[in-house]
Amino acid sequence: MRPLELVNNLRTFLPPEAVLYESEDLKPYECDGLSVYRQTPMIVALPQSEDEVIRILRICHMSKTPVVARGAGTGLSGGALPHAAGVLLSLVKLKRILEVDPIARTARVQPGVRNLAISEAAAPYGLYYAPDPSSQIACSIGGNVAENSGGVHCLKYGLTVHNILQLRVVTMAGERLEIGGAGLDAPGYDLLALMTGSEGMLGIVTEITVKLTPSAEKAQVVMAAFDDIRKAGDAVANVIGAGIIPAGMEMMDRVATHAVEEYVHAGYNLEAAAILLCEADGTAEEVADEIRHIDGIMRQSGAIEIRTSRDEAERLKFWAGRKAAFPAAGRVSPDYYCMDGTIPRKSLAHVLDGIEKLSAEYGLRCMNVFHAGDGNLHPLILYDASRPGELEKTEEFGAKILEMCIATGGTITGEHGVGIEKLNQMCSQFGSAELEIFHAVKAAFDPEGLLNPGKAVPTLRRCAEHGAMHVHRGEERFPELPRF
Amino acid sequence: MQNLIDQFAGTIRVAAERKVPLQICGGGSKEFYGNRIVGQNICMLDVTAYSGIVAYEPTELVVTARAGTRLTDLEAQLHKHRQMLAFEPPHFGAAATLGGCIAAGLSGPRRASVGAVRDFVLGVRMLDGRGDDLRFGGQVMKNVAGYDISRLMTGSMGTLGLLLEISLKVLPLPPMEMTLSLQMKQAVAIEKMNLWAGKPLPISATCFCNDALTLRLSGAEAAVHAAHMKLGGEEVAEAAAFWQSVREQTHLFFQPGKSLWRLSMKSTTPPLSLPGQQLIEWGGALRWLISDAAMDAGTVRAAAKTAGGHATLFRNGESSAAAFHPLTAEMMNIHRRLKEKFDPMGILNPGRMYPEL
């Protein structure tokens, strides 16, 4: 089907402003949160209901037109990068909170609802939606499902997959699926888990029932500074070893604390090689007990300074530094590139040493923030895209960090997804037999391969080429994507 | 141990070639669960020899063990380090293995407060229906590389592959537990369980039976005592034995020989008007129903469906109904296609879950 014909077909049931095809209208959709990858779609469609989603998908299915779903566009792996000959399906207009059930502790929402809006709607009942990715004021719950988003509290409260009960999904062929249920499990295979983190490859989520969690009575945070990153790593292991699951446990290295301190004045110790933030939440009794424990462990682990938040304002101030890490990187450097590896915690010092060596080798600064509780490391490589060759150098640096994560028994992505960005590293993490299974799973939902083609799982051919990537580098970046 | 894997893979390849159905078995403790495997000349594939803990690092909160590892051995090892499988899996027999626990996907009393078995599965090593040795997920808490095959395997009743090794997140044992008993009617109990679950209270298990609500508090000593003050009720002696009897279905409610239905549904569903006796767990989200043979499966399934859930004929007693709740045609299509991809010759536990799989 030719573009104009497709536009006309879509406009038989969508208002004119919901079908965009003029290049100036398409421009805002050319990238997501990973803006180094850009591509203008052929058409942008903005449905307002599940029925409209179904009709769009049926037309695209019939005309073999690729479809890429997009939520708020805050993703960090290029998962919502448009297809040049495809329809970008923006779900932002599906933004209603359909029901909050305070007794059953659930909320039924459309995919375009912002993560934080769910917690705001639940707050009057003393409830909230637990996963809190750093982009929670902007990111959509549909995108959270697609990426299995985490947040700083997920060691204790889980990821998206642990906090959703039911999905309504439309397949590429326009069929409706009800996955999960109102209870705590469902018959058949666990398609709820399979859909979560599937990066828009298997189906379009049109409705989500999320679990709500009672708000903790109290939260308090301990900030501990260490003169050696190894000691900070040991302190994390000691907390866990003592039987404590903190609500949040975050680490920042010296480059990171210096960058944020100038910016938000969180009161971090600038002499320290690393600082740890360790939060306890629960009833007042539980928190008092746990904070006392944590304080003792930090002391035994050799902290050079320990401070405990005295009130809510101070707690938020301690956290403000950590939450400002990404914008701070943007202030100290024209550009930064955020990596997302996960490693066994015991390998932290080894990996950070390796990053430091690579940093010297490439002549690029790197600041490290670390979800220490669950081993998810975010090295932020600081670079300047206006310098010729620096982006390529940065990507190579980043790729080497991810290879190091795999070597320690970890993974190339803890929470940002593979998208378009980490396809080559997927070839390192998985063998061809596993990749074939991934392609088979995709085919079980989308036999024609029209949903988000070329993302998340590399073709075997690409992996074969990646083996020789260092020779042919730069020749062809995305062999799956047709170019026009 | 690799020679055992080669043996399993060889068996699978030969079976695929000859289209011989394989019945995967561990300790045999959950043989009653699910449907009978269909086909002729069924061949047993015993996984129990592939046992042992591969890696356990308490401070990483991760354990990796082979499928044939006995659950009791694994749990004993975790307890030495004051840790546990937080989903409290039912064993249903001393020989129960980790592989069977994951394949059956059953969770115990703590499920409503901490999560189900699938919530703790981090990675698997498995053989598919072609005998290919595959690894998915890993030994880390957060991992979004590739589709979540590890969780897909959980509860798939051995129909998609033979589990070899499983990595699980573990949790520390709570510093203190206390079990309380409160007398009340069923409707009130359902209301209370839901109300309390919405408060920051350290409730880790609930069980309603015979006009008594039993609930367990787990956490810091001060928090447990404070919650006891708020909730009232009598402290129960021999509490560990009580929860074990609920989990293992040795509690007097579970009468051997009768049909036992498991209804999973929205926790706020009012008392079900189905003939027979009921025991409620998981804050109202799990209802066990003992009924006689005359009980119509359609009636039970309709009641569960109306409440947003599903019904499983958990122990069939005298009933001949299918074990699992039927799927919609669209869902069955997806299931069938997944099965075809993982097990093209349809030799792995065929029919154990649904006749089509």
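Residues numbered from 1 in each chain as written. Chains lettered and ligands numbered in written order. Predicted model: local features only at pLDDT ≥ 70, side-chain atom pairs only at ≥ 80, totals over all residues.

Moving on, we get to the overall build of chain B. For chain B, the helix and strand inventory stands at 11 helices and 17 strands. The C-alpha atoms of chain B give 21 Å as radius of gyration, which agrees with the globular expectation for 357 residues (21 Å, within 12%). Along the first, second and third principal axes, the C-alpha atoms of chain B reach 65 × 50 × 35 Å. Across the 357 residues of chain B, 54% fall into the buried class. In chain B, of all internal contacts separated by at least 6 residues, the share reaching a separation of at least 24 is 69%. (Helix = DSSP H or I, 4+ residues; strand = E, 2+ residues; numbered from the N terminus. Rg over C-alpha atoms; globule rule 2.2 N^0.38 Å. Buried ≥ 20, exposed ≤ 12 C-beta atoms within 10 Å, placed from the backbone. Contact = placed C-beta atoms within 7 Å.)

Residue and element names in this part refer to chain A. With respect to topology, 4 strands assemble into an open sheet ordered β1-β2-β4-β3, the strand pairing being mixed. This sheet does not close on itself; its edge strands, each paired only once, are β1 (19–20) and β3 (67–70). Here 2 bridges tie β1 to strand β2 (residues 43–45), and the two strands are oriented antiparallel to one another. Directly across from Val-19, in β2, lies its bridge partner Ala-45. Against the sheet, helix α1 (residues 3–11) touches β1 and β2, its axis set at about 10° to β2. Packing against the sheet, helix α3 (residues 50–62) makes contact with β2, β3 and β4 (87–90), and its axis sits at approximately 165° to β4. (Pairing = 2+ DSSP bridges. Axes fitted to C-alpha atoms, helices over the stretch in contact; angles between N-to-C directions.)

Time to look at unusual backbone geometry. In most cases, non-glycine residues show a negative phi, while peptide bonds are predominantly trans. Phi at Lys-64 of chain A takes a positive value of approximately 55°, unusual for a residue other than glycine. One can find Lys-64 of chain A in the loop between α3 and β3.

Next up on the list: the domain arrangement of chain B. All names here are of chain B. Domain boundaries in chain B define domain 1 (2–172 + 334–342), domain 2 (176–247) and domain 3 (259–315). Here domain 2 and domain 3 have C-alpha centroids that lie 22 Å from each other. Contacts between the two partners involve 11 residues from domain 2, matched on the other side by 10 residues from domain 3. Elements supplying a minimum of two residues to the side of domain 2 that touches domain 3: α7 (186–197) and β11 (203–209). The leading source of residues in the side of domain 2 that touches domain 3 is α7, at 6 residues. Partitioning the side of domain 2 that touches domain 3 into residue classes produces 8 nonpolar, 3 polar and no charged. (Domains from an automatic or database assignment. Nonpolar A, V, L, I, M, F, W, Y, C, P; charged D, E, K, R; others polar.)

Before going further, it helps to examine the interface of chain B and chain A. In this assembly, 66 residues from chain B lie in contact with 76 residues from chain A. Going through the elements one at a time, α4 (111–114), α5 (117–120), β7 (133–137), α6 (149–153), β9 (171–172), α7, α8 (221–231) and α11 (329–342) of chain B are the ones with two or more residues in the side of chain B that touches chain A. In terms of residue count, the dominant contributor to the side of chain B that touches chain A is α11 of chain B (7 residues). By residue class, the composition of the side of chain B that touches chain A is 31 nonpolar, 20 polar and 15 charged.

Residue and element names in this part refer to chain B. Burial of strand β12 (residues 212–219) is extensive: 7 of the 8 residues sit out of reach of the surface. Bridge count between strand β10 (residues 176–183) and β12: 8 bridges; the pairing is antiparallel. Pairing of Ser-181 across the sheet is with Thr-214, part of β12. Relative to β12, β11 is paired through 6 bridges, and the arrangement is antiparallel. Across the sheet, residue Thr-206 finds its bridge partner in β12, namely Leu-215.

Ranked by internal contacts, the top residues of the largest apolar core, which has 247 residues, are Val-67, Leu-89, Ala-224, Ala-235 and Leu-276 of chain A together with Leu-162 and Leu-163 of chain B. Filtering out sequence-adjacent residues up to four positions away, Ala-224 of chain A remains in contact with Ala-235, Ile-275, Leu-276, Cys-278, Met-298, Ala-303 and Ile-306 of chain A. (Core = buried A, V, L, I, M, F, W, Y, C linked by C-beta atoms within 7 Å.)

With that settled, the discussion passes to the environment of Asn-143 of chain B. Position of Asn-143 of chain B among the secondary structure elements: in the loop between β7 and α6. The class of Asn-143 of chain B is buried, set by 28 C-beta atoms lying within 10 Å. Spatially, the C-alpha atom of Asn-143 of chain B lies 14 Å from that of Val-62 of chain B, the residues being 81 residues apart in sequence. When neighbours within four sequence positions are excluded, Asn-143 of chain B is seen to be in contact with Thr-342, Thr-411 and Gly-414 of chain A together with Gly-137 and Gly-138 of chain B.

Residues and elements named next belong to chain B. End to end, α7 covers 16 Å across 12 residues, agreeing with the expected 16 Å (1.5 Å per residue, within 8%). Looking only at α7, the buried set comprises Ala-189, Ile-190, Met-193, Asn-194 and Ala-197. Axial view of α7: buried residues confined to an arc of 125°, hence all on one face. Buried residues in α7 make contact with β11 and β12. (Expected span 1.5 Å × (residues − 1). Arc of directions from axis to C-beta.)

Let's shift gears to the packing of helix α8 (residues 229–241) of chain A against helix α10 (residues 284–300) of chain A. When two helices pack together, their arrangement is given by the angle between the helix axes and the distance between those axes. Residues and elements named next belong to chain A. Orientation of α8 relative to α10, taken along the N-to-C sense of each, is 140°, at an axis distance of 9 Å. Compared by their axis directions, α8 and α10 come out oblique. Crossing of α8 over α10 shows right-handed handedness. Within the contact between the two elements, α8 uses Ala-235, Asn-238 and Val-239 and α10 uses Ile-294, Ile-297 and Met-298. Looking at side-chain class alone, the contact of α8 with α10 contains 5 nonpolar, 1 polar and no charged residues. (Parallel < 35°, antiparallel > 145°, perpendicular 65-115°, else oblique. Left-handed = near helix turned anticlockwise from the far one by under 90°.)

Once that is clear, we can look at the confidence of the model for chain A. Model confidence for chain A is summarised by a mean pLDDT of 93, while 96% of its residues fall at 70 or above. Predicted confidence is poor over residues 468–484 of chain A, with pLDDT under 50, and the contacts of this stretch with residues over four places away or in other chains come to 16 contacts. (pLDDT = per-residue confidence, 0-100.)

Residue and element names in this part refer to chain B. Taking strand neighbours across the sheet as the criterion, the 5 strands line up as β3-β4-β8-β6-β7 in an open arrangement whose pairing is antiparallel. Unpaired on one side and paired on the other, β3 (53–57) and β7 mark the two borders of the sheet. Along the sheet, successive strands turn relative to each other by an average axial angle of 10°, direction set aside. Across 5 bridges, the pairing between strand β6 (residues 121–127) and β7 is antiparallel. Bridged to Gly-123 within β7 is Gly-137.

Time to look at helix α14 (residues 390–407) of chain A. Residues and elements named next belong to chain A. Look at α14: 26 Å from first C-alpha to last across 18 residues, which is about the 26 Å you get at 1.5 Å a residue. Looking only at α14, the buried set comprises Thr-394, Phe-397, Gly-398, Ile-401, Leu-402 and Cys-405. Projected down its long axis, α14 carries its buried residues within an arc of 140°, all on one side. In the core, the buried residues of α14 are packed alongside β16 (335–338), β17 (341–342), α13 (348–362), β19 (376–383) and α15 (423–429). Immediately downstream of α14, the backbone of Gly-409 shows phi near 95°, a positive value.

A few words on the packing of helix α16 (residues 432–445) of chain A against α11 of chain B. At their nearest, the axes of α16 of chain A and α11 of chain B sit 9 Å apart, and the two run at 155° to each other. Classified by the angle their axes make, α16 of chain A and α11 of chain B are roughly antiparallel. The two elements α16 of chain A and α11 of chain B meet at a crossing, and its hand is right-handed. Residues Ala-440, Val-441, Ala-444 and Phe-445 of chain A of α16 of chain A form the contact with α11 of chain B, whose own contacting residues are Ile-334, Arg-337, Leu-338 and Lys-341 of chain B. For the contact of α16 of chain A with α11 of chain B, the per-class residue count stands at 6 nonpolar, no polar and 2 charged.

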